[in-house]
Amino acid sequence: MGNRVTRTIEVSNRGIGPVSILSIDAEGELSPAFVLPQPPPSKLLSGDTVKLDFSFAPTEAGRLAGRVLLHTDSVENAELAIEVSGEGVYPSVSCSQRLDFGRVVLNLDKVLRITCVNNGAVAAQVQVAGTTGRDADLFSVGANLVSNPVEIAAGKSQLVEVRYTALRLGRADAQALLRVTGAVSPDIAVQLTGEGFASDLVAAPSCLRFDGVSPGGHATRQVIVYNGGSQTVTFQPLHLVDAAGVFRIVSVEVEAQEVPLETLAPNASATVNVEFAPRAVGSFRGTLVLHNDDPVNSGLEVCLEGQGGGPNLLVRPGVIDFGRIATGMRVSTSLFAMNVGTADGGPLVIRRVSVDDAHFSVAMPQVTQLLPNDAPAVIEVEFHPDEDGEFAATISIESNDGDQPVYSIPVRGDARTLPPCDYTVVPATLRFGAVQVGASAKLVASVRNTGTAECIFTQVGIEPGSDSAYSLPDGRILTVSVLPGDRITIPVLFDASQAGDHQGAVQFQVSRPAAPNGRIPLVATAFKGCLMATPASVDFGERRLSCPATTKSILVSNNCEVPAVISSAAVGAGSYTPGEFTVTGLSTPYTLQAGRRVTLTARYTPVDAGADGAPYEIASNIQALTIPLFGKGATDDTRTDRYTQDAKPMVDVLVVMDNSGSMTDKQDHVQDESAHFLRYAMDQGLDFHVGVTTTGIIPSAGSWTRCPGGVDGGEAGRLFPANGERPRWVTPTTPNAEWVFNQNLEVGLCHWDEHGLEGGYLALSSPLVDHAKAPRTSLPNDGNLGFYRDEARLAVIIVSDEEDSSPSDPAFYSAFFRNLKGPGREGDTAVHVVVGDGTCGVVAEDSPRYMQVARETGGTVTPICMSDWGAGLAALAERSFGHRLRYPLTGTPTSGVTVTIDGRVVATGWRYDSGSNSVIFDEASAPAPGATIELRYIPACGT
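Position numbers for residues count from 1 along each chain, tracking the sequence in the order it is written. Under the rules for a predicted model, residues below a pLDDT of 70 receive no local features and side-chain atom pairs below 80 are neither given nor counted, while totals for whole chains, interfaces and linings still include all residues. Based on all heavy atoms of the structure, the side-chain values leave hydrogens and waters out of the count.

Engineer: An account of the packing of aromatic side chains is needed here, citing residue identities and associated values.
Structural biologist: Note on aromatic pairs: the rings of Phe, Tyr and Trp (six-membered ring only in Trp) are paired at centre separations within 6.5 Å, and the planes decide the class, stacked below 30 degrees, edge-to-face beyond 60, tilted for the rest. Within this structure, the stated rule accounts for 31 aromatic pairs. For the pair Phe 210 and Phe 276, a centre-to-centre distance of 5.5 Å together with 40° between the ring planes defines the contact as tilted. In this pair, Phe 210 is assigned in strand β17 (residues 207–213) and Phe 276 in strand β23 (residues 269–276), connecting sequence segments 66 residues apart. Throughout, exposure labels follow a simple rule: accessible area from a 1.4 Å probe, protein chains only, divided by the maximum for the residue type, with under 20% read as buried, over 50% as exposed, and the rest as partly exposed. For Phe 210, a relative accessible area of 3% corresponds to the buried category. The way it works is that DSSP assigns letters per residue, a run of H or I at least four long becomes a helix, a run of E at least two long becomes a strand, and they are numbered from the N terminus.

Structure representation (structure tokens):
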């Protein structure tokens, strides 16, 4: 249960003429657990063979069977029958109910094993989901498993190791949590018990380890001192051996009273709280000295180990709200755990995931060790209420994050007993038709509640196994309540980048116990034809009902060698109210001559809220052509733009350095501070590319000095050194990265003509940005391919003491940099300039061109005559490598903008910039990593 298997048949044409498979249909009733293939699009020529995939995905137990008919145009075999059958079964696994470790000496450990037996008829997947309970941190489960989950064959068994480490005195209780995928009762809890004891004077743990703590943060741990002897022990004053001064004794409690540890009676214990507060990245060691007059252990000491920097856990989303579902339903979602720390101290290790309410369950991620910049670990969370009520719990994620070893996520859900849901899907199958290759097309399916009771839909998403060309542009729908007569709309995006037929489905669960699973088939063909439309699909975006109708032009071109006789052209079946989509300009029949084109006008007039979609279908003697139409009606005049702050910024930095003779001292200043500049990014564990080019476009001729790099100062946008004598940009993995960056800044002093804006433009434009070799040059591999990453934010830093002499207007360069990342990402590029700003006198020429581009791209202006270059470049590092501050609006606001961060309204720390139509946060108010930023406003019609 819960799985899908596929079986393949081969259909061969053994005749001498071509054969078409016209349809593949069930004979009579066939369970929806059987998923039938689509007929192949082309004929089978003599000797051809085609493979057809049939899938079986049972949602209820029992044997199912049926008969499928393949209809062909063959005279001899017009109909081929195929018997299909399968059985849905629940896995059945039983495991040990309890493990008792008995008494274990303090600071030692013991291993026992859970035995799990597969009593069922099919292989079962068993996953270790962690531990829970008062003393869960003392037990670890599953270290012997080669994978998690592990597969147990039918009739076989599996041993699961459990280790108990007696770090505390007295009885220990916990539960090991196992999960059997697809079982009727998937969750298994194994009781774990043990007891830690001591016979002499001991301290536990014997070594107090602090995992990664961010510099400036702090963490506190406990040492328990226990007198297991028969005599009172007298202690010398407690103290620390700590050369770095990063450890501190916070407090001491003797028998729960906060007093100095001077004596300890037999069977008494004391707690020493020790704090670790690193001020820098690195490893630190110390000793807690507990010397005393015990005859056996008078020199008692506890080693202290701490890591400054290192792993730092961030989990998103910060809250899970499942909303309301029907009692008896199951709904799941995912948490994404990321290491946003530094590489110092090793990987982030997720040790345990638990939840404190039985109506929810969590699963350990398959990946439990994360380096900075690794893909997030996925933690599955499920809500499965078996009774009515409102439920709230806390998910706890334990890791080696030193300053937050337990990360808490609130989770809630509401369950109600509901009558079975009645609903209809329009259209029953979402058909995109024949879409030309390269198009990105949206259509909509709507699901309407046709009954008299509330319907709950959950887990609305693309069905596993669907073609990867399909996606949900608005994301997966976790849960949604639909009242009688209302509907939900499900936009589906089809990426027609690969020619051919594409099959898939949208799947969902519904509050209908007899048939809890729903499915909307998706069918599309991407083709390369000579009858073409520009654009190939039309997206009207969100349109308010209070605004006038929106129109867009479509150009239909006949690039064929013969006339195209268009026999019909109309808006086809979809999810929309009649009249919302109209297309004019083409009366059929219509002959479009070869090489000619006709302009159509598409109009969208929404009459209600929600997404609408329909295919505009053109039939001709040459080919069929479908132009998908999509729009979204809105009754609320307020628009909300949503962004998520980067968990770990990916940043490209391009430094454009003036290589003229007057730059001697300025280049020296930049080089002197270059290590601190780069160290800022490295200490944050960022994914960065940092490269350098110059303001020189043509080689210097007859200068009093030569410039290094192989092109005599005429880089023309090529990264320095163009001759490749060193790495031409640095990354976190570049050997001796600080030295390489420092040397790359030494561009020479041979030039006289500064083109800083043009140099940055050329560096980030084709052919340099997308070629390893620059055209028409003698140097090998002097292109910039690989430096610029479209998914990364970009900072351009221009350092010059002369005004820019680039050939184009500053507005051209501003537009280039703003639009480099594409629509909606204007805030991901900023140009910062270190130039004469009108305050430098004879030290530097005033640079209004540079300053204009900086202002128009959201960058900063720093005077090149500044006295404190360390502070100036530190500020530039923070702006270049820091978190995103600029968030563009998708429309032009008619009045104010309301800003919320993680649901909280923020009134200060930001400003609206009309020039870039963006909200810009102050440095000190930058949204935290992973935060959700919402910008609410009323846009002007047409924007």
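After presenting the structure, the write-up continues.
Engineer: How would you sum up the pairing of strand β4 (residues 49–56)? Please name residues and give values.
Structural biologist: The pairing of strand β1 (residues 5–12) with β4 spans 8 bridges and is antiparallel. In the strand pairing of β4, Val 5 is matched with Phe 56. Pairing geometry for strand β3 (residues 34–35) and β4, over 2 bridges, is antiparallel. By the bridge assignment, Phe 34 is partnered in β4 with Phe 56. Pairing between strands is defined by DSSP: at least two bridges between them are needed.

Engineer: So, helix α4 (residues 810–819): which residues are in play, and what are the values?
Structural biologist: Three or more residues of α4 are buried, namely Pro 810, Tyr 813, Ser 814, Phe 816 and Phe 817. Projection of α4 onto a plane perpendicular to its axis shows the buried side chains occupying an angular sector of 160°, all on one side. Structurally, α4 contributes buried residues whose contacts are with α3 (756–763), β57 (793–799), β58 (829–835) and α5 (848–856). Pairs of N or O atoms within 3.5 Å make up the polar contacts considered here, provided that, within protein, one atom can donate a hydrogen while the other can accept it, and that residues adjacent in sequence are counted only when both atoms are side-chain atoms. The opening residue of α4, the one whose side-chain oxygen lies 2.9 Å from the backbone nitrogen of Ala 811, is Asp 809. Taken from the helix axis, the directions to the C-beta atoms give the arc we talk about. For this analysis, residues touch if any pair of their heavy atoms sits within 4.5 Å.

Engineer: Can you lay out the sheet that holds strand β10 (residues 124–132) for me, pointing to particular residues and giving the numbers?
Structural biologist: Taken in spatial order, the 5 strands of this open sheet run β8-β15-β14-β10-β12, and their pairing is mixed. The sheet is open, and its two borders are formed by β8 (98–105) and β12 (150–152), each paired with just one other strand. Mean inter-strand twist for the sheet, computed between neighbouring axes without regard to direction, equals 30°. In terms of strand pairing, β8 meets strand β15 (residues 187–197) through 6 bridges, oriented parallel. When the sheet's bridge partners are listed, Leu 99 is paired in β15 with Leu 192. Lines fitted to C-alpha atoms define the axes, with helix axes restricted to the stretch in contact, and inter-axis angles between N-to-C directions lie between 0 and 180 degrees.

Engineer: Could you give an account of the UniProt feature "domain: HYDIN/VesB/CFA65-like Ig-like" (unreviewed entry) in the protein chain, with specific residues and numbers?
Structural biologist: UniProt positions are given in the numbering used here, feature names are shortened, and annotations may be inferred rather than shown by experiment. This chain's UniProt record puts "domain: HYDIN/VesB/CFA65-like Ig-like" (unreviewed entry) on residues 313–406 and 428–517. A distance of 15 Å separates the end C-alpha atoms of residues 428–517, which is 0% helix and 60% strand.

Engineer: Got a sec to walk through the pattern of salt bridges? Specific residues and values, please.
Structural biologist: Salt bridge, as used here, is a side-chain nitrogen of Lys or Arg placed within 4 Å of a carboxyl oxygen of Asp or Glu. Applying the stated rule across the entire model yields 40 salt bridges. Across the pair Arg 519 and Glu 463 runs a salt bridge whose closest N-O atoms are separated by 2.9 Å. Taken together, the residues span a long stretch of sequence, with Arg 519 in strand β43 (residues 517–527) and Glu 463 in the loop between β38 (455–462) and β39 (470–471) at a distance of 56 residues. By relative accessible area, which is 34% here, Arg 519 ends up partly exposed. The salt bridge involving Arg 849 is made with Asp 804; its shortest N-O contact spans 3.0 Å. Within this pair, whereas Arg 849 is found in helix α5, its partner Asp 804 is found in the loop between β57 and α4, the two being separated by 45 residues in sequence. The same class applies to Arg 849 as to Asp 804, namely buried.

Engineer: Could you give an account of the environment of Phe 581, naming the residues involved and the relevant values?
Structural biologist: Counting through the fold element by element, Phe 581 comes out in strand β48 (residues 581–584). Its relative accessible area of 4% is what places Phe 581 among the buried residues. Each C-alpha atom, one on Phe 581 and one on Ile 395, is 47 Å from the other, the two residues being 186 residues apart in sequence.

Engineer: Pulling in residues and values, what's your account of the packing of helix α1 (residues 664–683) against helix α6 (residues 869–881)?
Structural biologist: At a minimum axis separation of 9 Å, α1 and α6 run at an interaxial angle of 45°. Viewed along their axes, α1 and α6 adopt a mutual orientation that is oblique. Read as a crossing pair, α1 and α6 show a hand that is right-handed. Seen from α1, the contacting residues are Lys 666, His 669, Val 670, Glu 673, Phe 677, Tyr 680 and Ala 681; seen from α6, they are Trp 869, Gly 870, Leu 873, Leu 876, Ala 877, Glu 878, Ser 880 and Phe 881. Looking at side-chain class alone, the contact of α1 with α6 contains 9 nonpolar, 3 polar and 3 charged residues. Each angle is binned into one of four classes, with values under 35 degrees roughly parallel, values over 145 roughly antiparallel, values of 65 to 115 roughly perpendicular, and all other values oblique. Left-handed describes a crossing whose near helix is turned anticlockwise from the far helix by less than a right angle; the clockwise case is right-handed. Think of it as three bins: nonpolar holds Ala, Val, Leu, Ile, Met, Phe, Trp, Tyr, Cys and Pro, charged holds Asp, Glu, Lys and Arg, and polar takes everything else, Gly as well.

Engineer: So, the state of the cysteines: which residues are in play, and what are the values?
Structural biologist: By convention in this document, the label disulfide applies to cysteine sulfur atom pairs within 2.5 Å. Under the criterion given, the structure shown has 7 disulfides. One disulfide bridge connects Cys 95 with Cys 116, the sulfur atoms lying 2.1 Å from each other. Sign of the S-S torsion, about 110° for the bond between Cys 95 and Cys 116, identifies this disulfide as right-handed. Here Cys 116 lies in strand β9 (residues 109–118) and Cys 95 lies in strand β7 (residues 93–95), a separation of 21 residues in the sequence. Across this residue pair, the class does not change: Cys 95 and Cys 116 are buried. There is a disulfide in this structure between Cys 421 and Cys 455, and the S-S distance comes to 2.0 Å. As the torsion about the S-S bond is roughly 95°, the Cys 421-Cys 455 disulfide counts as right-handed. Here the residue Cys 421 occupies a position in the loop between β34 (406–416) and β35 (423–426), and Cys 455 occupies one in strand β38, the gap between them amounting to 34 residues. For the pair Cys 421 and Cys 455, one class covers both residues: buried.

Engineer: I'd like a rundown of the sheet that holds β39, residues and numbers included.
Structural biologist: Reading across from one edge, β35-β37-β41-β39 is the order of the 4 strands in this open sheet, with antiparallel pairing throughout. Lying at the two open borders of the sheet, with one neighbouring strand each, are β35 and β39. Where strand β37 (residues 440–449) and strand β41 (residues 487–495) come together, 9 bridges link them in antiparallel fashion. Following the sheet pairing, Val 444 is matched in β41 by Pro 491.

Engineer: Talk me through the side chain of Arg 352; I want residue IDs and the actual numbers.
Structural biologist: Within the secondary structure, Arg 352 is located in strand β29 (residues 348–355). Overall, the relative accessible area of 8% leaves Arg 352 in the buried class.

Engineer: Could you give an account of helix α2 (residues 737–744), naming the residues involved and the relevant values?
Structural biologist: Among the residues of α2, Ala 737, Val 740, Phe 741, Asn 742 and Asn 744 are the ones counted as buried. Its buried side turned inward, α2 meets α1, β55 (687–694) and β56 (729–730).

Engineer: Residues and numbers for the nonpolar core, please.
Structural biologist: The criterion is simple. A nonpolar core is a set of buried Ala, Val, Leu, Ile, Met, Phe, Trp, Tyr and Cys residues joined through side-chain atoms within 4.5 Å. If you look at the biggest cluster of nonpolar residues, it comprises 35 residues, and the most contacted ones within it are Phe 322, Leu 335, Ile 395 and Ile 397. Looking at this core, the elements that each hand over two or more residues are β26 (313–316), β27 (320–326), β28 (331–339), β29, β30 (360–362), β32 (377–383), β33 (389–399) and β34. Core analysis: the next-biggest nonpolar cluster, separate from the first, contains 34 residues, Leu 678, Ala 681, Val 747 and Ala 844 among them.

Engineer: Quick rundown of the side chain of Gln 307? Include the residues and the values.
Structural biologist: The residue Gln 307 is located in strand β25 (residues 301–308) in this model. Of note is the side chain of Gln 307, whose polar atom sits 2.8 Å from the side chain of Ser 283.

Engineer: How would you sum up unusual backbone geometry? Please name residues and give values.
Structural biologist: The omega torsion of the bond from Thr 588 to Pro 589 falls at 0°, within 30 degrees of zero and hence cis. For Pro 589, the location among the structural elements is in the loop between β48 and β49 (590–592). With an omega dihedral of 15°, the bond running from Ser 766 to Pro 767 counts as a cis peptide bond. Looking at where Pro 767 falls in the secondary structure, it is placed in the loop between α3 and β57. Non-glycine residue Ala 716 carries a positive phi angle of around 50°.

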